[in-house]
Amino acid sequence: MEMKTATETRESPLTPEQFAQLGDGLIAYVRSMSSEDVNRLYPQAPQIAPGLTIFALFGADGAPIVLADSEEGCIGNARENHLQMVSLH
């Protein structure tokens with residue numbers, strides 16, 4: 001009898017580009033970040049005072065959609081735009 005190991009890998013049927021587009025325009029997630037991270041990661045965003053916790057709504061592809069001062073603000077925006085929220089672990 002031949003046994004398979006749990007470490008076997010399969011080649012994905014999707015390209016990285018196709019995988020990134022899964023859920024595009026349908027799925028979103030919220031992540032908290034410091035205002036310093038926002039200023040560093042998104043230099044095009046307006047400067048935010050240091051020391052604040054900011055909540056960001058991201059699309060399935062990781063692109064930022066909106067910044068808010070509360071998680072509820074992000075969730076409300078997702079609902080208004082008919083986005084399905086998922087949790088990250």
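Residues numbered from 1 in each chain as written. Predicted model: local features only at pLDDT ≥ 70, side-chain atom pairs only at ≥ 80, totals over all residues. Heavy atoms only, no water.

Looking up the protein in an unreviewed UniProt entry gives the name DUF1150 domain-containing protein, with the organism given as Methylocystis rosea.

Description of the pattern of salt bridges
Pairing between side chains becomes possible if they bear opposite charge and their charged atoms approach one another. The following threshold applies: Note on definitions: salt bridges are taken to be side-chain nitrogens of Lys or Arg within 4 Å of carboxyl oxygens of Asp or Glu. The way it works is that DSSP assigns letters per residue, a run of H or I at least four long becomes a helix, a run of E at least two long becomes a strand, and they are numbered from the N terminus.
Here the structure, examined in full by the defined rule, presents 1 salt bridge. Here R40 makes a salt bridge to D37, at a shortest N to O gap of 3.0 Å. A residue pair is termed a helical-turn pair when its members lie 3 or 4 positions apart in one helix, as R40 and D37 do in helix α2 (residues 35-41) at 3 residues.

Quick notes on the pairing of strand β3 (residues 64-68)
Threshold: Two strands are counted as paired when DSSP detects at least two bridges linking them.
Examined bridge by bridge, strand β2 (residues 53-59) and β3 share 4 bridges and lie antiparallel to one another. Across the sheet, residue F55 finds its bridge partner in β3, namely A68.

Let's talk about unusual backbone geometry
Of note, the phi angle at H82 is positive, near 55 degrees, even though the residue is not glycine. Structurally, the position occupied by H82 is in the loop between α3 (71-80) and β4 (84-85).

What to know about the packing of aromatic side chains
Counted only if it meets this: Side-chain rings of Phe, Tyr and Trp (the six-membered ring for Trp) are treated as a pair once their centres are within 6.5 Å; stacked means planes under 30 degrees apart, edge-to-face means over 60, and tilted covers the remaining angles. Three labels apply to residues, based on accessible area from a 1.4 Å probe with only protein chains included: buried if under 20% of the type maximum, exposed if over 50%, partly exposed otherwise in between.
Scanning the model with the defined rule gives 1 aromatic pair in all. Here the aromatic rings of Y29 and F58 are separated by 5.3 Å at their centres, their planes lie at 20 degrees, and the arrangement is stacked. Pair noted here: Y29 is in strand β1 (residues 27-34) and F58 is in strand β2, with a separation of 29 residues, a long-range link. The buried category is assigned to Y29, whose relative accessible area is 15%. Judged by its relative accessible area of 1%, F58 is buried.

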